[in-house]
Amino acid sequence: MSRILSILLISILPVADAFSQVEQLFVQTDKGFYVSGEIIWFKVAVLNTDTSEIRSGVVHAQLVKPDGNTLDDQKLKLAGRVSSGSFSLPVTSDEGYYLLRVFTKYNLNYGEGGVWSMEVPVYNALETDLSDIITMPREEDSALTHGNTNFAEILTTRYSPG
């Protein structure tokens, strides 16, 4: 019995060790959803769980449309362990969940498990009444106001159809 466990453990260790060498990608976007015509800003940090060594000098970022076609593909040079980038959404962008994919060439050795991905909701202001999506603050809420500027009013005016 102990011999079987030893054989299983020996066969599992290389797989576990391989995944511990995957460069960990952490990505942050500037917003939770976007409207056609806007820019998706993002920042990438790369870490390696087992050592301080980062094997990659470039991060690849892709924005994939809801139909599965790639809208844009970028190579971003790492400055130390971080990089940042952006994707411009055309005004005529289809509504739906776009896929933001970030990876290093090294991580592709580990298949899709080495690719960081996130669904990004995109709304088309020409097709959708955004008042259904954006809930406006009460007068006493100041989250969308600064001084005499009311950002909620600007959003409603700029992104409402008609």
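Cut-offs applied
- Residues numbered from 1 in each chain as written.
- Predicted model: local features only at pLDDT ≥ 70, side-chain atom pairs only at ≥ 80, totals over all residues.
- Heavy atoms only, no water.
- Salt bridge = Lys/Arg side-chain N within 4 Å of Asp/Glu carboxyl O.
- Buried < 20%, exposed > 50% of the residue type's maximum accessible area, 1.4 Å probe, protein only.
- Helix = DSSP H or I, 4+ residues; strand = E, 2+ residues; numbered from the N terminus.
- Pairing = 2+ DSSP bridges.
- Polar contact = N/O pair within 3.5 Å; in protein donor to acceptor, adjacent residues only side chain to side chain.
- Contact = heavy atoms within 4.5 Å.
- Core = buried A, V, L, I, M, F, W, Y, C linked by side-chain atoms within 4.5 Å.
- Patch = residues over 30% accessible without salt bridge, like charges linked within 9 Å, V, L, I, M, F, W, Y side chains within 5 Å.
- Areas by Shrake-Rupley, 256 points an atom, 1.4 Å probe, with all protein chains shown as cover.
- Lys, Arg positive; Asp, Glu negative; His and termini not counted.
- Charge placed at Lys NZ, Arg CZ, Asp CG, Glu CD.
- Axes fitted to C-alpha atoms, helices over the stretch in contact; angles between N-to-C directions.
- pLDDT = per-residue confidence, 0-100.
- Phe/Tyr/Trp six-rings, centres within 6.5 Å; stacked < 30°, edge-to-face > 60°.

A.B. asks: Would you mind showing me how to read the pattern of salt bridges here?
C.D. replies: Side chains that carry opposite charge are capable of pairing whenever their charged atoms lie near each other. Per the counting criterion, the structure on display carries 1 salt bridge. For K31, the salt bridge is made with E38, and the minimal N-O distance between the two is 2.8 Å.

A.B. asks: How should I be thinking about the pairing of strand β6 (residues 82-88) in this particular structure?
C.D. replies: Regular strands place their side chains on alternate faces of the sheet. Taking every second residue as pointing to the same face, the buried face of β6 carries S83, G85 and F87, while none of V82, S84, S86 and S88 on the other face is buried. In terms of strand pairing, strand β3 (residues 39-48) meets β6 through 7 bridges, oriented antiparallel. Its bridge partner lying in β6, K43 is registered against S84.

A.B. asks: Sorry, what's going on with the side chain of Q74 here?
C.D. replies: Its location among the elements puts Q74 in strand β5 (residues 70-77). A polar contact of 2.6 Å, which involves the side chain of Q74, links it to the backbone oxygen of S86. When neighbours within four sequence positions are excluded, Q74 is seen to be in contact with F42, V59, H60, A61, G85, S86 and F87.

A.B. asks: Please clarify how the nonpolar core should be interpreted in this entry.
C.D. replies: Where a protein is soluble and globular, its nonpolar side chains tend to be buried together. V44 and V102 are the most contacted members of the largest nonpolar core, which totals 21 residues. Elements supplying a minimum of two residues to this core: β1 (23-29), β3, β4 (58-64), β7 (96-103) and β8 (116-123). Element by element, the count of residues in this core is highest for β3, at 4 residues. With residues near it in sequence (within four places) discarded, V44 still touches L25, F26, V27, V59, R81, V82, S83 and V102.

A.B. asks: How should I be thinking about a negative patch on the surface in this particular structure?
C.D. replies: A cluster of acidic residues, D67, D94, E95 and E127, forms a negative patch on the protein surface. By the element assignment, D94 lies in the loop between β6 and β7. D94 sits in the partly exposed class, given a relative accessible area of 47%.

A.B. asks: Got a minute to help me understand the sheet that holds β5 in this structure?
C.D. replies: Hydrogen bonds between backbone atoms are what pair the strands of a sheet, whose relative direction is either parallel or antiparallel. Strand order in the open sheet formed by 5 strands is β2-β8-β7-β4-β5, with mixed pairing between adjacent strands. With partners counted over all chains shown, the strands left at the sheet margins are β2 (34-35) and β5, one partner each.

A.B. asks: Can you walk me through the sheet that holds β3 in this structure?
C.D. replies: What the 3 strands build is an open sheet, ordered β1-β3-β6; its pairing is antiparallel. Only two strands of the sheet have a single neighbouring strand rather than two, namely β1 and β6. On average, each strand axis in the sheet is inclined to that of its neighbour by 25°, with strand direction left out of account. Sheet analysis places β1 next to β3, joined by 7 bridges and oriented antiparallel.

A.B. asks: Looking at this structure, how should I read the confidence of the model for the protein chain?
C.D. replies: Caution applies to low-pLDDT parts of the model: their predicted coordinates are not meant to be read in detail. In the predicted model, the protein chain carries a mean pLDDT of 74, and 63% of its residues have values of at least 70. The least confident element of the protein chain, judged by mean pLDDT, is helix α1 (residues 2-20) at 44; the most confident is β5 at 95. Here residues 157-162 is a poorly scored stretch, pLDDT under 50, and it has 8 contacts once near neighbours within four places are set aside; other chains count.

A.B. asks: Teacher, can you tell me more about the packing of aromatic side chains here?
C.D. replies: The relative placement of two aromatic rings is captured by the distance of their centres and the angle of their planes. Across all of its chains, the model carries 2 aromatic pairs by this definition. Ring plane angle 80° and centroid distance 5.7 Å describe the contact between F33 and Y123, whose orientation is recorded as edge-to-face. Placement of the pair is F33 in the loop between β1 and β2 and Y123 in strand β8, with a sequence separation of 90 residues. In this structure Y123 comes out as partly exposed when scored by relative accessible area, which is 23%.

A.B. asks: How should the environment of T70 be read in this particular structure?
C.D. replies: Looking at the secondary structure, you find T70 in strand β5. For the pair formed by T70 and Y98, sequence separation is 28 residues and the distance between their alpha carbons is 9.5 Å. Ignoring sequence-local partners within four residues, the contact set of T70 consists of L63 and V64.

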